[in-house]
Amino acid sequence: MKLNNVVVALDLSDSCAELVEQAKKVSDPKHTKIWLIHVAPPNPDFVGLEVGPQYIRDNVAEELKEDHREIQEFAEALRIAGFKAEGLMIQGQEAPVLLGELDRLDADLLIIGSHGHGSLYDLFVGSVCKEVLKKSKKPVLTVPTAQL
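Residues numbered from 1 in each chain as written. Predicted model: local features only at pLDDT ≥ 70, side-chain atom pairs only at ≥ 80, totals over all residues. Heavy atoms only, no water.

S.K.: Honestly, the pairing of strand β1 (residues 5-9) in this entry has me stumped. Any pointers?
M.R.: Every other side chain in a regular strand lies on the same face of the sheet, so the side chains alternate between the two faces. The buried count for β1 comes to five of five residues, which makes it a mostly enclosed element. What you see with β1 is no split at all: Asn-5, Val-7 and Ala-9 on one side and Val-6 and Val-8 on the other are buried throughout. Bridge count for β1 against strand β2 (residues 33-40) is five bridges, and the pairing is parallel. Among the inter-strand pairings, Asn-5 is bridged to a residue of β2, identified as Lys-33. Regarding the hand of the β-α-β motif, the stretch spanning β1, helix α1 (residues 16-26) and β2 is right-handed. In the sheet, β1 pairs with strand β4 (residues 109-114) via three bridges, with the strands oriented parallel. For Val-8, the partnering residue across the bridge sits in β4 and is Ile-111. (Buried < 20%, exposed > 50% of the residue type's maximum accessible area, 1.4 Å probe, protein only. Helix = DSSP H or I, 4+ residues; strand = E, 2+ residues; numbered from the N terminus. Pairing = 2+ DSSP bridges. Right-handed = clockwise from strand over helix to strand, strands pointing away.)

So this is what it looks like as structure tokens:
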């Protein structure tokens, strides 16, 4: 199966390098574009563009800038290795944004990490990986990233 577009969901945890390596293993540098996507949390309601203390808005903006820089470093490393790659950072709810980007980019495969927190954690916090697996119309490669 020829892969034209591979999407890698990066949460900027220690597992990102492992996910990028998996993308390199399944991709052909001549035919495949690797899309690195980080979904940043949406701005809280109290930190809108016009409301909230300036220092909070500045702090959020600085964190987003640092996250974007990290995504771009991964993309640049892939380009240096001979792959076509682009890094994207989008704010919103993780699973719906990822699912929308899979369609928009006409992805052939999503690579996502599974941290394996456990059922109690998933019950209260939820699991992006599980939600994506349930709703994705595209193939998904889950990479176990839990630290043993």
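S.K.: Would you take a moment to explain the environment of Gln-91 for this structure?
M.R.: Relative to the elements of secondary structure, Gln-91 occurs in strand β3 (residues 84-91). Taking C-alpha positions, Gln-91 is 5.5 Å from Val-39, a pair spaced 52 residues apart along the chain. Looking at Gln-91, its side chain comes within polar contact range of the main-chain oxygen of Pro-41, at 3.1 Å. (Polar contact = N/O pair within 3.5 Å; in protein donor to acceptor, adjacent residues only side chain to side chain.)

S.K.: Please explain the packing of helix α3 (residues 94-104) against helix α5 (residues 128-135) as it appears in this structure.
M.R.: A pair of packed helices is captured by two measures, namely the crossing angle of their axes and the spacing between those axes. Put simply, α3 and α5 touch, their axes get as near as 9 Å, and they point 40° apart. Of the possible angle classes, the one that applies to α3 and α5 is oblique. At the point where α3 passes α5, the crossing takes the right-handed sense. Together, Glu-94, Ala-95, Pro-96, Leu-98 and Leu-99 of α3 and Val-128, Glu-131, Val-132 and Lys-135 of α5 make up the contact between the two elements. Along the lines of polarity and charge, the residues of the contact of α3 with α5 split into six nonpolar, no polar and three charged. (Axes fitted to C-alpha atoms, helices over the stretch in contact; angles between N-to-C directions. Parallel < 35°, antiparallel > 145°, perpendicular 65-115°, else oblique. Left-handed = near helix turned anticlockwise from the far one by under 90°. Contact = heavy atoms within 4.5 Å. Nonpolar A, V, L, I, M, F, W, Y, C, P; charged D, E, K, R; others polar.)

S.K.: Any chance you could explain the nonpolar core here in plain terms?
M.R.: The nonpolar side chains of soluble globular proteins are, as a tendency, buried together. If you look at the biggest cluster of nonpolar residues, it comprises 20 residues, and the most contacted ones within it are Val-6, Val-8, Leu-10, Ile-34, Leu-36, Leu-78 and Ile-111. Breaking this core down by element, the ones donating at least two residues are β1, α1, β2, α2 (54-80) and β4. Membership of the second largest hydrophobic core comes to 17 residues, among which are Trp-35, Ile-37, Ala-107 and Val-132. (Core = buried A, V, L, I, M, F, W, Y, C linked by side-chain atoms within 4.5 Å.)

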